[in-house]
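Given next are the chains, with one letter for each unit.
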Amino acid sequence: MSLFIQQPALKLLSAALMLVLSACQQLPATQDPLFASTLLLQDSEFKPVETKVETEEEIFALPPAVIALARQQVLPNEYADGRSLALLTFIFGNDNVPLEYVNSATLIASETYARKEANCLSLTILAYSLAQHLGFEAHFQDVAVPEYWVTRSGNSMLNGHVNLMIYPGKIRDAGQYVVLLRGNGYLIDFDMVPERARQQAKRISKQAIVAMFYNNKAADAIAIGDYDVAYHYLKAAVTTAPQLAQNWNNLAVLYRKKELLSLAEQVYLHSLQLEPEHTNTMSNLAMLYAMTGREQEAAVLEEKVEKKRRTNPYYFIMQGNEALEFQAADDAIQHFRRSLKLQPHVPEAYFGLARSYLLKQDLAKASYYLQAAKRYTDSATEQRRYQYKLDMLNAVARQD
């Protein structure tokens, strides 16, 4: 999982935020990304922090004892497919403490192995590090999945997805992970939805993965309002991979939150120069235009974004979640139902309906949709979460 920050789509803005941007000059399209960093970074607006930004070496490092144990368990297998599956068994655990998928756990490789929990980005980092130490050729891939959002503390976070290719291998399916034949290699995908392993993917650099790690850390900091820590991570991201539009988009979101609106606009425009059709940047820039009274410019971008997203069920889940942030239960219900029309059995949409009807104090419907959410999720962690909420809801119902 890699996170790209999306501003809320609802235009319920405080009058204090209705500021007018001064005209700013767009950076030339041929601008060197590294040179752009010197123009668009603003250290003076943020305080120094004690939190240390992890280096690339620290992100991928593993203790010698772990490497030795991996070699002992993996390398004795004579054939490549056996070694690959032994690697997965080593990662996911063959003891009583299996590795658990936790969406918000962005960890370095050593932490992932020690804690036995991680999201797909951290799992991919761990697998890459182990593969390298075991002599596997490996490279990262960015998977072209539909836009998918999670909401944290009022912020909508756009999830990306990565996986890992190692060589060689053959088709195997082992439950919570997937290994597929691609040419002469194994595709190892740690997504909880195996079908995504079959989506179109492109090879990306190790530096891009490091930048995604920094983006996730920044998103975590933004979610708790620690903008200074977020800035230091985003500065590291744009320095590590200045060619990636999403890095600049996230930096612009942070500037917007700090009310550095003119600077935020410049950074959004730079992001679009790097990737003119970057939907998330267009959406965020449209929000900035709307905030500052430039409705016509906002409308042009909003129309482009709407055309791209109207067939994506997760877009309407995001809108439903944002409606719930403003206690707009009826609007939220419409969004979640529209999502289910596009793709039935999406657990997040059913959970959104449960939250909506709970807000309307309709406990019977809330319970019904919670059960549906639990029924259609493949994640054991999510099933436990939904069951806990069902138990709480039933307890309240009994009291009534």
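All values derive from a computational prediction rather than experimental measurement.

**Student:** Would you mind showing me how to read the side chain of Ser339 here?
**Tutor:** Relative to the helices and strands, Ser339 is located in helix α14 (residues 329-342). Those residues in contact with Ser339, other than ones at most four positions away along the chain, are Pro313, Phe316, Ile317 and Ala349.

**Student:** Looking at this structure, I do not really get the packing of aromatic side chains. What am I missing?
**Tutor:** In this description, a pair of aromatic rings is defined by centroid distance and the angle of the planes. For the structure on display, the rule yields 14 aromatic pairs. Centre to centre, the rings of Phe60 and Phe140 are 6.2 Å apart; their planes meet at 55°, and the pair counts as tilted. Of the two residues, Phe60 sits in helix α2 (residues 56-60) while Phe140 sits in strand β4 (residues 138-143), which places them 80 residues apart along the sequence. You can call Phe140 buried: its relative accessible area is 2%. Summarising the aromatic geometry, the rings of Phe213 and Tyr214 are spaced 6.2 Å apart at their centres and angled 70° between planes, so their arrangement reads as edge-to-face. An identical accessibility class is assigned to Phe213 and Tyr214; each is buried. Through a chain of ring-to-ring contacts, the aromatic side chains of Tyr350, Tyr357, Tyr368, Tyr369 and Tyr376 assemble into a single cluster. Lying across the ring of Tyr113, Lys116 places its NZ or CZ 4.7 Å from the centre. Positioned over the ring face of Phe60 is Lys206, at 4.5 Å from the centre of the ring.

**Student:** Whenever I open this one, the pattern of salt bridges confuses me. Can you help?
**Tutor:** A side chain of one charge can pair with a side chain of the opposite charge if their charged atoms are brought near each other. Applying the stated criterion across every chain, the model contains 12 salt bridges. Between Arg294 and Glu265 there is a salt bridge; the shortest N-O distance is 3.1 Å. You can see Arg294 sitting in the loop between α11 (279-291) and α12 (295-309) and its partner Glu265 sitting in helix α10 (residues 261-274), a full 29 residues away along the chain. A salt bridge links Glu277 to Lys304, with the shortest nitrogen-to-oxygen separation between them at 3.5 Å.

**Student:** In this structure, what is going on with helix α13 (residues 313-325)? I would like to understand it.
**Tutor:** The α-helix advances 3.6 residues per turn, and as a result positions three or four apart in sequence lie on the same side. A rise of 1.5 Å per residue sets the reference length of α13, with its 13 residues, at 18 Å; its end C-alpha atoms lie 19 Å apart and thus fit the reference within 8%. Of all the 13 residues making up α13, 12 are buried; the element is thus mostly covered by neighbouring parts of the structure. For α13, the set of buried residues is Pro313, Tyr314, Tyr315, Phe316, Ile317, Met318, Gln319, Gly320, Asn321, Glu322, Ala323 and Leu324. Of the residues flanking the start of α13, the one acting as N-cap is Asn312, its side-chain oxygen 3.0 Å from the backbone nitrogen of Tyr314. Where α13 ends, the next residue or the one after it, Gln327, has phi of about 60°, a positive value.

**Student:** Looking at this structure, I do not really get the nonpolar core. What am I missing?
**Tutor:** Soluble globular proteins tend to pack their nonpolar side chains together in the buried interior. Judged by nonpolar contacts, the single largest core of 85 residues is most densely connected at Leu87, Leu130, Ile209 and Tyr255. Per-element accounting of this core gives the leading share, 10 residues, to helix α7 (residues 206-223). Setting aside its immediate chain neighbours within four residues, Tyr255 contacts Leu40, Leu41, Gln42, Phe46, Tyr231, Leu260, Leu263, Ala264 and Val267. Among the nonpolar cores identified, the runner-up in size contains 24 residues, and Ala332, Val346, Tyr350 and Tyr357 belong to it.

**Student:** Looking at this model, I keep getting lost on a positive patch on the surface. Mind explaining?
**Tutor:** Among the surface-exposed residues, Arg310, Arg337, Arg338, Lys341 and Lys365 lie close enough to one another that they form a single positively charged patch. It is α14 that provides the largest number of residues to the positive patch, a total of 3 residues. Topologically, Lys341 is positioned in helix α14. Accessibility expressed as a relative area gives 73% for Lys341, which makes it exposed.

**Student:** Please explain the environment of Leu342 as it appears in this structure.
**Tutor:** Relative to the helices and strands, Leu342 resides in helix α14. When its relative accessible area of 40% is taken as the criterion, Leu342 is described as partly exposed. Sequence separation between Leu342 and Asn312 is 30 residues; the distance between their C-alpha atoms is 7.3 Å. In contact with Leu342, other than residues within four places in its own chain, are Arg310, Thr311, Asn312, Pro313 and Phe316.

**Student:** Where do I start with the pairing of β4 in this structure?
**Tutor:** With 5 of its 6 residues buried, β4 lies for the most part within the structure. When β4 meets strand β7 (residues 162-166), the two strands line up antiparallel, connected through 5 bridges. The residue of β7 that forms the bridge with Phe140 is Leu164. Where β4 meets strand β11 (residues 201-204), 4 bridges bridge the pair, whose relative direction is antiparallel. Along β11, the bridge assignment pairs Val143 with Ala201.

**Student:** Looking at this structure, how should I read the packing of helix α15 (residues 347-359) against helix α16 (residues 363-376)?
**Tutor:** Helix packing geometry: the angle between the two helix axes and the distance between the axes. The interhelical angle for the contact between α15 and α16, taken along N-to-C directions, is 165°, at an axis separation of 8 Å. Between α15 and α16, the angle falls in the class roughly antiparallel. Seen from above, α15 lies across α16 with left-handed handedness. In this structure, α15 contributes Pro347, Tyr350, Phe351, Leu353, Ala354, Tyr357 and Leu358 to the contact, and α16 contributes Leu363, Lys365, Ala366, Tyr369, Leu370, Ala372, Ala373 and Tyr376. Each residue belonging to the contact of α15 with α16 can be placed in one class, and the counts come to 14 nonpolar, no polar and 1 charged.

**Student:** When you look at the layout of surface pockets in this model, what are you seeing that I'm missing?
**Tutor:** To locate leftover empty space, one rolls a probe as large as a water molecule over the atoms. The space that makes up the second largest pocket amounts to roughly 820 Å³. Lining the second largest pocket are 31 residues; nearest its centre among them are Asp142, Ala144, Val145, Glu275 and His278. Sorting the residues of the lining of the second largest pocket by element identifies β1 (2-6), β4, β6 (155-160), β11, α7, α9 (245-257), α11 and α12 as the ones contributing at least two each. Grouping the amino acids of the lining of the second largest pocket by side-chain chemistry returns 13 nonpolar, 11 polar and 7 charged.

Criteria and thresholds
Per chain, the residues get numbers from 1 upward, laid out in the order the sequence is written. Per-residue local features are limited, in this predicted model, to residues with pLDDT of at least 70; the limit for side-chain atom pairs, both in listing and counting, is 80 or more; totals at the level of whole chains, interfaces and linings are taken over all residues. Excluded from the side-chain calculations are hydrogens and water; all other atoms, namely the structure's heavy atoms, are used. Strands here are runs of E lasting at least two residues and helices are runs of H or I lasting at least four, both read from the DSSP assignment and numbered beginning at the N terminus. Contact criterion: two residues are considered in contact whenever any of their non-hydrogen atoms come within 4.5 Å of each other. Aromatic rings from Phe, Tyr and Trp, taking only the six-membered ring of Trp, are treated as a pair when their centres fall within 6.5 Å; an angle between ring planes under 30 degrees marks them as stacked, one over 60 as edge-to-face, and anything in between as tilted. Each residue is assigned to one of three classes by its accessible area relative to the maximum for its type, calculated with a 1.4 Å probe on protein chains only: buried under 20%, partly exposed between the two thresholds, exposed over 50%. Only Lys NZ and Arg CZ are tested; either one counts as a charge over a ring when it is within 6 Å of the ring centre and within 35 degrees of the ring normal. Just to be clear on terms, a salt bridge is a Lys or Arg side-chain nitrogen sitting within 4 Å of an Asp or Glu carboxyl oxygen. Expected span, for any helix, means 1.5 Å times one less than how many residues it has. By the criterion applied in these results, polar contacts are pairs of N or O atoms within 3.5 Å in which, for protein atoms, one can donate a hydrogen and the other can accept it, and in which residues neighboring in sequence qualify only through two side-chain atoms. The criterion is simple. A nonpolar core is a set of buried Ala, Val, Leu, Ile, Met, Phe, Trp, Tyr and Cys residues joined through side-chain atoms within 4.5 Å. Here the term patch refers to residues with relative accessible area over 30% and no salt bridge, with like charges joined within 9 Å and nonpolar side chains (Val, Leu, Ile, Met, Phe, Trp, Tyr) within 5 Å. Computed with a 1.4 Å probe, the accessible areas rest on the Shrake-Rupley method; for each residue, only the protein chains presented here act as cover. His is not counted here, nor are the chain ends, while Lys and Arg score as positive and Asp and Glu score as negative. Where a charge lies is defined by one atom per residue type, namely NZ (Lys), CZ (Arg), CG (Asp) and CD (Glu). Here, strands pair whenever DSSP counts at least two bridges between them. In this analysis an axis means a line fitted to C-alpha atoms, helices contributing only their contacting stretch, and an angle means the value between N-to-C directions, from 0 to 180 degrees. Under this scheme an angle from 65 to 115 degrees is roughly perpendicular, one under 35 degrees roughly parallel, and one over 145 degrees roughly antiparallel; angles in between are oblique. Rotating anticlockwise by less than a right angle from the far helix to the near helix defines a left-handed crossing, while the corresponding clockwise rotation defines a right-handed one. The nonpolar class holds Ala, Val, Leu, Ile, Met, Phe, Trp, Tyr, Cys and Pro. Asp, Glu, Lys and Arg form the charged class, and all remaining residues, Gly among them, are polar. Every definition here rests on a 1 Å grid over the protein atoms only: cavities are sets of points where a 1.4 Å probe fits but cannot get out, pockets are open sets enclosed by protein on both sides within 12 Å along at least five of seven lines, and lining residues have some atom within 4 Å of a point. Grid points are joined across faces, edges and corners, and a volume is the space filled by probe spheres set on the points.

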